[in-house]
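# Overview (structure and organization)
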Amino acid sequence: MEFSVVTVALLAICLSCLLLFRKGKGQGTGGRLPPGPRPLPIVGNLFQLDPKNMVKSLLALRERYGSVYTIYLGPQPFVALCGYQAVKEALVDQGEEFSGRGDLPVVFRFTQGDGIAFSNGEKWKVLRRFAIQILRDFGMGRRSIEERIQEEAQCVVEELAKTKAEPFDPTFLISRAVSNVICSIVFGDRFDYEDKKFLTLVGLMNDNFQRLSSWWAQVYNLFPHVISYLPGPHNRIFENFEKLRLFVLEMVKLHQETLDPNFPRDFIDCFLLKMQQEKEDPLTYFHTNTLVMTTHNLFFGGTETTSTTLRYGILILLKYPEKQAKVYEEINQAVGPHRSPSIEDRAQMPYTEALIHEIQRFIDIFPMGIPHAVTSDTHFRGYVLPKGTNIMPFFHSVHNDVTKFKDPGRFDPTNFLDENGGFCRHEAFMPFSTGKRVCLGEALARMEIFLFLTTLVQRFTLQPVVPPEEIDTSPLISGLGNVPRPYKFRAIPR
Ligand code: HEM
């Protein structure tokens with residue numbers, strides 16, 4: 001069922017008037033918020049926003065109000081941070097105060113603030129610390145996970161070889177390969193690519209990333225109390241999440257039945273052992289529900305973001321064959337044709353490193369980040385943000401900051417190269433965010449992107465099925481995430 005924005009707005013106004021108007025966080029609590037467009041009761045700044053193109057709306061507001069402004073999403077004020085300097089001053093220089101998780105109603109309905117990604121306070125700190133430790137023990141810092149990714153990349157190569165250079169849509173192959181890496185860490189094993197249940201799970205995650213990025217989800221975030229009661233495509237998000245939750249719960253039960261305290265096999269086993277250790281502690285954060293939500297965070301977070309990045313990355317290599325050729329040349333020199341690329345090779349492959357960074361900058365996968373909140377009354381640039389005020393780190397404006405990147409609208413790996421052709425880091429590179437909430441899977445994701453992409457280019461010429469100049473790299477859907485347009489390509493064996 002399709003509603004126009006105006007219909008939804010009218011419904012929201014009517015129904016909201018029937019509900020008790022809740023005062024948003026940060027309102028009437030003695031704060032002094034940055035300037036912004038005047039909000040209307042209940043609908044906030046709806047009429048200044050286009051839910052189908054939030055990025056454009058937010059950029060227009062920046063022109064008018066500067067790099068720090070207040071925008072009301074429904075009745076809730078959000079302080080938008082635009083450009084590198086503002087984001088860095090908040091998330092890094094005042095990291096502790098800006099480390100809270102803000103409101104994302106479309107996800108909160110499912111998480112209820114449990115798990116890592118959507119929890120706050122002590123619970124978040126304890127769970128995050130625990131997860132980082134286990135990820136380190138089970139893989140990210142160790143050689144074993146590199147080998148796991150290399151093996152999975154070979155499985156992808158075998159599957160691509162079967163296409164016999166016929167046009168092929170890589171979406172689900174890439175998602176299954178990437179998902180298998182995080183599955184090995186959290187569930188202790190990978191799935192066969194033909195496993196029906198696995199295919200369904202990967203399909204649910206892919207579908208939800210698209211739905212969370214749709215304009216419906218943006219409208220839901222504006223008026224959750226109203227839209228919750230309406231039929232519409234947003235309900236599929238909750239159904240999909242529930243199916244994923246039930247799958248994780250089933251895995252947890254299987255682990256409980258076979259747990260050997262002396263040989264924890266994976267993340268779930270470690271969490272179960274921690275639950276046993278702390279079972280007498282009434283204040284413990286280690287419960288079955290939290291285990292399910294935390295595992296779900298890793299499973300979903302570890303699958304969709306990395307596979308979308310890879311899928312987008314391949315599309316960009318198809319559009320720029322001369323850049324793909326440069327990557328191949330570097331692989332040839334550093335790795336040669338016989339062995340698998342390894343993480344150590346990164347140091348000898350500055351162009352490829354730069355290209356991967358440029359892919360991540362250019363595709364800007366979370367253009368508006370994931371909302372933060374201030375954890376205490378916070379003084380920032382002369383304003384006073386009351387505790388709990390929502391913060392929007394507008395990463396699109398960082399990745400397109402003209403003071404940091406020359407011609408940011410253009411795909412150009414030299415953004416990450418010095419004058420001698422060496423790789424150079426860039427302070428305004430923030431696809432994983434920055435500060436205390438920075439993505440905890442960054443190291444794993446970076447390994448995966450490098451190993452999967454280089455293995456593919458080592459073994460195949462990735463050839464478009466349309467002239468490169470016709471390839472459109474702008475996102476098909478842009479909301480919470482940027483989703484690339486579907487495409488096919490030919491994998492021609494080298
Ligand atoms: C290219 C791949 C990835 C990208 C671009 C990405 C990006 C992000 C971003 C922007 C955030 C929000 C940070 C913030 O609130 O400021 C985040 C959080 C998170 N990511 Fe990732 N991520 C990726 C891969 C992964 C992987 C592989 C995992 C699993 C191991 C993962 C797990 C998480 C978790 C659990 C959080 C929540 C952190 C917290 O709230 O403390 N991500 N990620």
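Note that this is a predicted model, so its numbers are computed, not measured.

## As for the UniProt feature "binding site: heme" (unreviewed entry) in the chain
Annotation from UniProt places "binding site: heme" (unreviewed entry) at Cys-439. Note on placement: Cys-439 falls in the loop between α16 (395–399) and α17 (442–459).

## A look at the site of the ligand
Near the ligand lie 27 residues; those nearest to it are Arg-128, His-372, Ser-433, Arg-437 and Cys-439. The separation between an oxygen atom of the ligand and a polar side-chain atom of Arg-101 is 2.8 Å. Separating an oxygen atom of the ligand from a side-chain N or O atom of Ser-433 is a distance of 2.5 Å. Mapped by element, the contributors of at least two residues to the shell around the ligand are α5 (121–140), α13 (288–319) and α17. Ranked by the residues each element gives to the shell around the ligand, the list is headed by α13, at 6 residues. Along the lines of polarity and charge, the residues of the shell around the ligand split into 15 nonpolar, 9 polar and 3 charged.

## Considerations on unusual backbone geometry
Phi at Asp-407 takes a positive value of approximately 50°, unusual for a residue other than glycine. Here Asp-407 is to be found in the loop between α16 and α17. Look at Asp-407 and you get partly exposed, because its relative accessible area is 46%. In this model, Ser-433 sits at a positive phi of 70°, which is unusual for a non-glycine residue. Within the secondary structure layout, Ser-433 lies in the loop between α16 and α17.

## What about the side chain of Arg-346?
Relative to the assigned elements, Arg-346 resides in the loop between α14 (321–334) and α15 (350–363). Among buried Asp, Glu, Lys and Arg side chains, Arg-346 stands out as unpaired, with Glu-353 the closest opposite charge at 4.4 Å. Arg-346 has contacts with Glu-353, Arg-446, Met-447 and Phe-450, leaving out every residue within four places of it along the chain.

## Observations regarding the nonpolar core
Ranked by internal contacts, the top residues of the largest apolar core, which has 150 residues, are Leu-81, Val-106, Phe-187, Phe-299, Ile-314 and Phe-452. For this core, the element with the most residues is α13, which contributes 13 residues.

## Considering the pattern of salt bridges
The final tally for this structure, using the stated rule, is 23 salt bridges. Linking Glu-151 and Arg-148 is a salt bridge whose minimum nitrogen-to-oxygen distance equals 3.5 Å. Separated by 3 residues within a single helix, Glu-151 and Arg-148 lie in helix α6 (residues 143–162), roughly one turn from each other. A residue is classified by how much of its surface remains accessible, and Glu-151, at 45% relative accessible area, is partly exposed. On the basis of relative accessible area, Arg-148 is assigned to the buried category, the value being 13%. A salt bridge links Glu-152 to Arg-190, with the nearest nitrogen and oxygen atoms 2.9 Å apart. Here Glu-152 is found in helix α6, whereas its partner Arg-190 is found in the loop between α7 (171–186) and α8 (196–212), with 38 residues between them in sequence. Looking at Glu-152, the relative accessible area reads 0%, which means it is buried. Residue Arg-190 is classed as partly exposed on the basis of its relative accessible area, which comes to 27%.

## Overview of helix α9 (residues 215–222)
Burial runs high along α9: 8 of the 8 residues are buried. Listing the buried residues of α9 in full gives Trp-215, Trp-216, Ala-217, Gln-218, Val-219, Tyr-220, Asn-221 and Leu-222.

## Describing the packing of helix α11 (residues 234–258) against α13
Between α11 and α13, whose axes approach to 9 Å, the crossing angle comes to 115°. Relative to α13, the crossing made by α11 is right-handed. Every residue of α13 that contacts α11 at Phe-241, Leu-244, Arg-245, Phe-247, Val-248, Leu-249 and Val-252 is listed here: Thr-288, Leu-291, Val-292, Thr-295, His-296 and Phe-299. Counted by class, the contact of α11 with α13 contains 9 nonpolar, 3 polar and 1 charged residues.

## Some details on the packing of α11 against helix α12 (residues 267–277)
The geometry of α11 relative to α12 is characterised by a closest axis approach of 10 Å and an angle of 65° between their N-to-C directions. By the angle between their directions, the pair α11 and α12 is classed as roughly perpendicular. Where α11 crosses over α12, the two elements pack in a sense that is right-handed. Across the interface between the two elements, Met-251, Val-252, His-255 and Gln-256 from α11 touch Ile-268, Asp-269 and Leu-272 from α12. Classifying every residue of the contact of α11 with α12 gives 4 nonpolar, 2 polar and 1 charged.

## Structural notes on the packing of aromatic side chains
Evaluated as defined, the whole model comprises 21 aromatic pairs. With centroids separated by 6.5 Å and ring planes inclined at 45°, the aromatic side chains of Tyr-65 and Tyr-69 adopt a geometry described as tilted. Ring geometry for Phe-416 and Phe-429: centres 5.6 Å apart, planes at 80°, overall edge-to-face. Of this pair, Phe-416 sits in the loop between α16 and α17 while Phe-429 sits in the loop between α16 and α17, and the two are 13 residues apart along the sequence. Relative accessible area serves as the criterion here: at 0%, Phe-416 is assigned to the buried category. The buried category is assigned to Phe-429, whose relative accessible area is 15%.

## Considerations on the environment of Gly-369
As for its placement among the helices and strands, Gly-369 is situated in the loop between α15 and β4 (372–373). Once the C-alpha coordinates of Gly-369 and Gln-133 are considered, the two residues, 236 residues apart in sequence, prove to be 25 Å apart. Every residue in contact with Gly-369, bar those within four places of it in the chain, is listed here: Pro-393, Phe-395 and Leu-480.

Basis of the calculations
- Sequence order sets the numbering: in each chain, residues are counted from 1 along the sequence as written.
- Selection of residues for local features in this predicted model requires a pLDDT of at least 70, selection of side-chain atom pairs for listing and counting requires 80 or more, and totals for whole chains, interfaces and linings are taken over all residues.
- Only heavy atoms go into the side-chain values, all of them from the structure, while hydrogens and water stay out.
- UniProt positions are given in the numbering used here, feature names are shortened, and annotations may be inferred rather than shown by experiment.
- The numbering of helices and of strands both runs from the N terminus, where a helix is a DSSP run of H or I of at least 4 residues and a strand a run of E of at least 2.
- Residues are classed as near a molecule or strand on a simple rule: at least one heavy atom within 4 Å of it.
- Under this definition, polar contacts are N or O atom pairs within 3.5 Å; protein pairs additionally need one hydrogen-donor-capable and one acceptor-capable atom, and for neighbouring residues in sequence, both atoms have to be side-chain atoms.
- Ten residues, namely Ala, Val, Leu, Ile, Met, Phe, Trp, Tyr, Cys and Pro, are considered nonpolar, four, namely Asp, Glu, Lys and Arg, are considered charged, and the remaining ones, Gly among them, are considered polar.
- Between buried and exposed lies partly exposed: a residue is buried under 20% and exposed over 50% of the maximum accessible area for its type, with that area taken using a 1.4 Å probe on protein chains only.
- Residues counted as positive are Lys and Arg, residues counted as negative are Asp and Glu, and His and the chain ends are not counted.
- Salt bridge, as used here: a side-chain nitrogen of Lys or Arg that lies within 4 Å of a carboxyl oxygen of Asp or Glu.
- Every residue pair with non-hydrogen atoms within 4.5 Å of one another is taken to be in contact.
- Joining through side-chain atoms within 4.5 Å is the link that ties buried Ala, Val, Leu, Ile, Met, Phe, Trp, Tyr and Cys residues into a set, and such a set is a nonpolar core.
- Under this scheme, a helix contributes an axis fitted over its contacting stretch, all axes are lines through C-alpha atoms, and angles between N-to-C directions fall in the 0 to 180 degree range.
- In this scheme the crossing of two helices becomes right-handed for a clockwise turn of the near helix relative to the far one and left-handed for an anticlockwise turn of less than a right angle.
- These descriptions rest on fixed angle ranges, namely under 35 degrees for roughly parallel, over 145 for roughly antiparallel, 65 to 115 for roughly perpendicular, and the rest for oblique.
- Only Phe, Tyr and Trp rings are paired, with Trp represented by its six-membered ring, and only when their centres lie within 6.5 Å; those with planes under 30 degrees apart are stacked, over 60 edge-to-face, the remainder tilted.

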